[in-house]
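Descriptive analysis of the structure
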Amino acid sequence: MRARKVSKSKPKKIREKSFLTDKKKRRVAYIGVFLIALMVGSMFIQGGEDSGQEYDYGDYTFIQMQGYWVMLSGDQQIPFRYGPKSLENISVAEFELDSAKVYLGFVPGEESLESSAIQRLRALLGLTSDIVVPACLVEEGCPDVPLIHCVDEKSMVWLNRAEEDSIKIEDNCIVLNYEGDADKIMDLFTYRLLGVMK
């Protein structure tokens, strides 16, 4: 038997490539870092432009901070997406809301119970009503909530996609019609509920 001679040479090092060794990859990384820095910087610049904008509206003061209009009411600060001045040209019918129990109407397929608009409106209604009950206006696709109609003898607020922003009365419903951004009509509705806008 012959013994094999084993070479005692050092094993070859496998050269690992760094992500930044390739010029194209390095350029992509630099562009990515630049874009992130640009986005963060623009947030600070935009925040700086917003701060300091302030006006009085009736008995309330509104200050724009970080993209929101903050209403100062005593020691409370209440944020809104829109200031009341920007909502003055929207058509609003006179309405009263039952403070004991109000139904929050929606059409399944257009809105859902989990949508941020419905959740926000439910919280807003809770400011003035003891009980807020979600309700469907149509049976198709309705989850396990009551089915009611505007002709029923119940106080209801209906969030409705429409061709223009408005607050209207339809039988026993206060209809919040919105085109595009539901926050605009909900802010207007809240200002009216709180007596900020008359």
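Structure's up top.
No experiment lies behind these values; they were computed from the predicted model shown.

What follows is about the pairing of strand β4 (residues 76-80). Looking along a regular strand, one sees the side chains alternate between the two faces of the sheet. Across 5 bridges, strand β3 (residues 68-73) lies against β4 in antiparallel orientation. Across the sheet, residue Val70 finds its bridge partner in β4, namely Pro79. Counted between consecutive antiparallel strands, the loop separating β3 from β4 contains 2 residues, among which Gly74 sits at a positive phi close to 65 degrees.

Take the pattern of salt bridges next. Tallied over the entire structure, the rule returns 6 salt bridges. A salt bridge links Asp181 to Arg81; its shortest N-O distance comes to 3.6 Å. Of the two residues, Asp181 sits in the loop between β10 (173-178) and α3 (182-194) while Arg81 sits in the loop between β4 and β5 (91-92), which places them 100 residues apart along the sequence. Here Arg81 falls in the partly exposed class, since its relative accessible area comes to 35%.

Here we come to the packing of aromatic side chains. Applying the stated criterion across every chain yields a total of 5 aromatic pairs. With a centroid separation of 5.1 Å and 55 degrees between ring planes, the pair formed by Tyr55 and Trp69 is classed as tilted. Placement of the pair is Tyr55 in strand β1 (residues 54-57) and Trp69 in strand β3, with a sequence separation of 14 residues. In terms of burial, Tyr55 and Trp69 fall into one category: buried. Consider the rings of Phe80 and Tyr191, whose centres lie 4.3 Å apart with planes at 40 degrees: the pair is tilted.

This part takes up the environment of Arg120. The topology assignment puts Arg120 in helix α2 (residues 116-125). Classification of Arg120 by relative accessible area gives partly exposed; the value is 22%. Sequence separation between Arg120 and Met186 is 66 residues; the distance between their C-alpha atoms is 8.5 Å. Those residues in contact with Arg120 that lie beyond four places of it in its chain are Phe80, Asp183, Met186 and Asp187. Engagement of the side chain of Arg120 in a polar contact is seen with the side chain of Asp187, the distance being 2.4 Å.

Rules used in this analysis
- For every chain, the first residue of the written sequence is number 1, and numbering continues from 1 along that sequence.
- Where local features are concerned, this predicted model is filtered to residues with pLDDT of at least 70; where side-chain atom pairs are given and counted, the filter is 80 or more; whole-chain, interface and lining totals use all residues.
- Side-chain measures were taken over the full set of non-hydrogen atoms in the model, leaving aside hydrogen atoms and water.
- Criterion used throughout: strands pair if DSSP finds at least two bridges between them.
- Strands here mean DSSP runs of E at least two residues long; helices mean DSSP runs of H or I at least four residues long; both are numbered from the N terminus.
- Criterion for a salt bridge: a side-chain nitrogen of Lys or Arg within 4 Å of a carboxyl oxygen of Asp or Glu.
- Only protein chains enter the area calculation, which uses a 1.4 Å probe; residues under 20% of their type maximum are buried, those over 50% are exposed, and those in between are partly exposed.
- Here a Phe, Tyr or Trp ring, Trp counted by its six-membered ring, pairs with any other such ring whose centre lies within 6.5 Å, and the pair is stacked when the planes are under 30 degrees apart, edge-to-face when over 60, and tilted otherwise.
- It only takes one pair of heavy atoms within 4.5 Å for two residues to be counted as in contact.
- Residues adjacent in sequence count toward polar contacts only when both atoms are side-chain atoms; beyond that, a polar contact is any pair of N or O atoms within 3.5 Å, and within protein one must be able to donate a hydrogen and the other to accept it.

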